[in-house]
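So you can see what is in the structure, the chains are spelled out below.
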Amino acid sequence: ANVTHLPIENGEALQFQRYKSNGYYTAHLDPKEDVPRVATMLVYLNTIEQGGETFFPKTAVEFRNDDNLAYELQRVCAPDSPALKVKAVAGRAVLFYNMLADGDIDPMSLHGSCPTKATTITQDEPEPP
């Protein structure tokens, strides 16, 4: 609540996502019909050396005007892609709002994650339950 300036009762339980090598998350919007998520905060627990960036394709005009392109991981995640990409660095956090002031979903909040090209998980590390 202190970071988002939203009432604490609007918060949800924490969710965790663990990516292995080549893991990714396709572009999506967080608000759903049953969960009007106003804001999203991503906190990176690990540094990913290659890939794994969170991307926002609609930040680039090229992808804003073509919904099909916005979902093409290879284009959005390319090194020369004009889309905003945030590198996964341990301790870094990204906060973005999913809804506009009028209550409509903000299309600019479309986001996903680029495939990881290397994993920080070693074979000796146990899998989570």
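Criteria and thresholds
Residues numbered from 1 in each chain as written. Predicted model: local features only at pLDDT ≥ 70, side-chain atom pairs only at ≥ 80, totals over all residues. Heavy atoms only, no water. Helix = DSSP H or I, 4+ residues; strand = E, 2+ residues; numbered from the N terminus. Rg over C-alpha atoms; globule rule 2.2 N^0.38 Å. Buried < 20%, exposed > 50% of the residue type's maximum accessible area, 1.4 Å probe, protein only. Contact = heavy atoms within 4.5 Å. Lys, Arg positive; Asp, Glu negative; His and termini not counted. Charge placed at Lys NZ, Arg CZ, Asp CG, Glu CD. Phe/Tyr/Trp six-rings, centres within 6.5 Å; stacked < 30°, edge-to-face > 60°. Salt bridge = Lys/Arg side-chain N within 4 Å of Asp/Glu carboxyl O. Core = buried A, V, L, I, M, F, W, Y, C linked by side-chain atoms within 4.5 Å. Polar contact = N/O pair within 3.5 Å; in protein donor to acceptor, adjacent residues only side chain to side chain. Pairing = 2+ DSSP bridges. Axes fitted to C-alpha atoms, helices over the stretch in contact; angles between N-to-C directions. Patch = residues over 30% accessible without salt bridge, like charges linked within 9 Å, V, L, I, M, F, W, Y side chains within 5 Å. Areas by Shrake-Rupley, 256 points an atom, 1.4 Å probe, with all protein chains shown as cover.

Asker: So what's going on with the overall build of the protein? Which residues, and what values?
Answerer: When helices and strands are tallied, the protein shows three helices and six strands. When the helices and strands of the protein are placed in sequence order, the string is β-β-β-α-α-α-β-β-β. Computed over C-alpha atoms, the radius of gyration of the protein comes to 16 Å, within 12% of the 14 Å expected from 2.2 N^0.38 for 129 residues, which places it in the range of a compact globule. In the protein, which comprises 129 residues, the share counted as buried stands at 33%. By sequence separation, contacts in the protein at least 24 residues apart represent 75% of the contacts at least 6 residues apart. Positive and negative side-chain charges in the protein, numbering 11 and 18 respectively, have mean positions lying 6 Å apart.

Asker: Go over the packing of aromatic side chains, please, and point to the residues and values.
Answerer: All told, the structure shown has one aromatic pair when counted by the stated rule. Considering the side-chain rings of Phe 56 and Phe 96, the 5.0 Å spacing of their centres and the 85° angle between planes classify their relative orientation as edge-to-face. Of the two residues, Phe 56 sits in strand β3 (residues 54-56) while Phe 96 sits in strand β5 (residues 93-97), which places them 40 residues apart along the sequence. Accessibility classification places Phe 56 together with Phe 96 in one group, the buried group.

Asker: Go over the pattern of salt bridges, please, and point to the residues and values.
Answerer: Within this structure, the stated rule accounts for four salt bridges. When the shortest N-O distance is used, the salt bridge between Arg 37 and Glu 12 registers 2.7 Å. One end of the pair, Arg 37, is in the loop between β1 (25-28) and β2 (39-43); the other, Glu 12, is in the segment before β1, with 25 residues separating them in the sequence. On the basis of relative accessibility, which here comes to 40%, the residue Glu 12 falls in the partly exposed class.

Asker: Provide a residue-level description of the nonpolar core, including the pertinent values.
Answerer: One finds Ala 27, Phe 55, Ala 60, Phe 63, Leu 69, Ala 70, Leu 73, Val 76, Cys 77, Ala 83, Leu 110 and Cys 114 forming the largest nonpolar core, which totals twelve residues. Elements represented by at least two residues in this core include exactly α2 (67-70) and α3 (73-76). Residues within four places of Ala 83 in sequence aside, it is in contact with Phe 56, Pro 57, Thr 59, Ala 60, Phe 63 and Val 76. Ile 48, Val 86, Ala 88 and Val 94 belong to the second-largest nonpolar core, a separate cluster that totals seven residues.

Asker: How would you summarise the side chain of Thr 116 if you had to cite specific residues and measurements?
Answerer: Position of Thr 116 among the secondary structure elements: in the segment after β6 (111-113). A distance of 2.6 Å separates the side chain of Thr 116 from the backbone oxygen of Lys 20, its partner in a polar contact. Excluding anything up to four places from it in sequence, Thr 116 contacts Tyr 19, Lys 20, Ser 21, Asn 22, Gly 23, Ile 48, Gln 50, Gly 51 and Gly 52.

Asker: Tell me what's going on with the sheet that holds β6, and back it up with residues and numbers.
Answerer: Reading across the sheet, the four strands line up as β1-β6-β3-β4 and stay open at both edges, with antiparallel pairing between neighbours. Of all strands in the sheet, those with a lone pairing partner are β1 and β4 (84-86), marking the two edges. For this sheet the average axis-to-axis angle between neighbouring strands, irrespective of direction, equals 20°. Bridge count for β1 against β6 is two bridges, and the pairing is antiparallel. Paired with Tyr 25 across the two strands is Ser 113, which belongs to β6.

Asker: I'd like to hear about a nonpolar patch on the surface, residue by residue, with values.
Answerer: On the surface, Val 3, Leu 14, Phe 16, Met 41, Val 43, Leu 45, Leu 95 and Tyr 97 cluster together into a nonpolar patch covering about 840 Å² of accessible area. Structurally, the position occupied by Leu 95 is in strand β5.

Asker: So what about the environment of Val 35? Which residues, and what values?
Answerer: Structurally, the position occupied by Val 35 is in the loop between β1 and β2. Setting aside chain neighbours within four positions, we find Val 35 in contact with Glu 12 and Asp 30.

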